[in-house]
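# Reading the structure
Each chain is listed here by its residues.
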Amino acid sequence: MPLRDTLARVDADLTAGRVPVARQRLRGLVSSFPNDLMLRRRLAEVYRLYGEHAEAGRWAYLEEDRDAAETHAFEARYRTAQQRMHALAWHGPESLAQTAFAREQLAAVRAACSEVVGHPVGWDTVPSVSKEDSRGSSFAGCLAGVGCLVTVVAFLAIWVNGLIALFD
């Protein structure tokens, strides 16, 4: 479906109060046209309707008139340059950006990421987040594993207890 038709459907969805559907359509458009700043701005506006400041900041990050609180929320959620590069989902060189501000923002994030990993990186080859950056998620994974183990042990204890009671 052409871009213009999909945007007309987004407008119709928003008018009808179908915000989740409009958001999904816009996410698809941004995925298909990652370098279109107007689509990113529209997606940020939809996330504002949800009160999702970090996501609004994510999609408005390349806008000069972006909201400082949203930008801060985005940067707090995506703390490292690698995480920000993944979150921004840009493709190709910064020169594809339609504004000087967007080009500067993209270049700054890419340069910060290159500095962290120790070699130049590009938007199409964003390095994965290192183990050091994912400490919190490994702790959460450990807790989940312990929880599963406790659940299995409790289930087995109840099962064995029932089996013993059956033969008494």
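These notes cover the structure that comes with them. (Residues numbered from 1 in each chain as written. Predicted model: local features only at pLDDT ≥ 70, side-chain atom pairs only at ≥ 80, totals over all residues. Heavy atoms only, no water.)

## Some remarks on helix α5 (residues 68-77)
Among the residues making up α5, those that are buried are E70, T71 and F74. On an axial view of α5, the arc spanned by its buried residues comes to 100 degrees, and they lie on one face. Facing away from the buried side of α5 by over 90 degrees, the exposed positions are A68, A69 and H72. As for α5, its buried residues are in contact with α3 (37-50), α4 (53-59) and α6 (81-88). Its side-chain oxygen at 3.0 Å from the backbone nitrogen of A69, D67 defines the N-terminal cap of α5. (Buried < 20%, exposed > 50% of the residue type's maximum accessible area, 1.4 Å probe, protein only. Helix = DSSP H or I, 4+ residues; strand = E, 2+ residues; numbered from the N terminus. Arc of directions from axis to C-beta. Contact = heavy atoms within 4.5 Å. Polar contact = N/O pair within 3.5 Å; in protein donor to acceptor, adjacent residues only side chain to side chain.)

## Topic: the packing of aromatic side chains
This structure, assessed with the given rule, holds three aromatic pairs. With a centroid separation of 6.3 Å and 45 degrees between ring planes, the pair formed by Y47 and Y50 is classed as tilted. Of this pair, Y47 and Y50 both sit in helix α3, separated by three residues, roughly a single helical turn. Classification of Y50 by relative accessible area gives partly exposed; the value is 36%. Aromatic pair Y61 and F74: ring centres 4.9 Å apart, planes at 55 degrees, arrangement tilted. A residue pair is termed long-range when its members are at least 10 positions apart, and Y61 in the loop between α4 and α5 and F74 in helix α5 qualify at 13 residues. (Phe/Tyr/Trp six-rings, centres within 6.5 Å; stacked < 30°, edge-to-face > 60°.)

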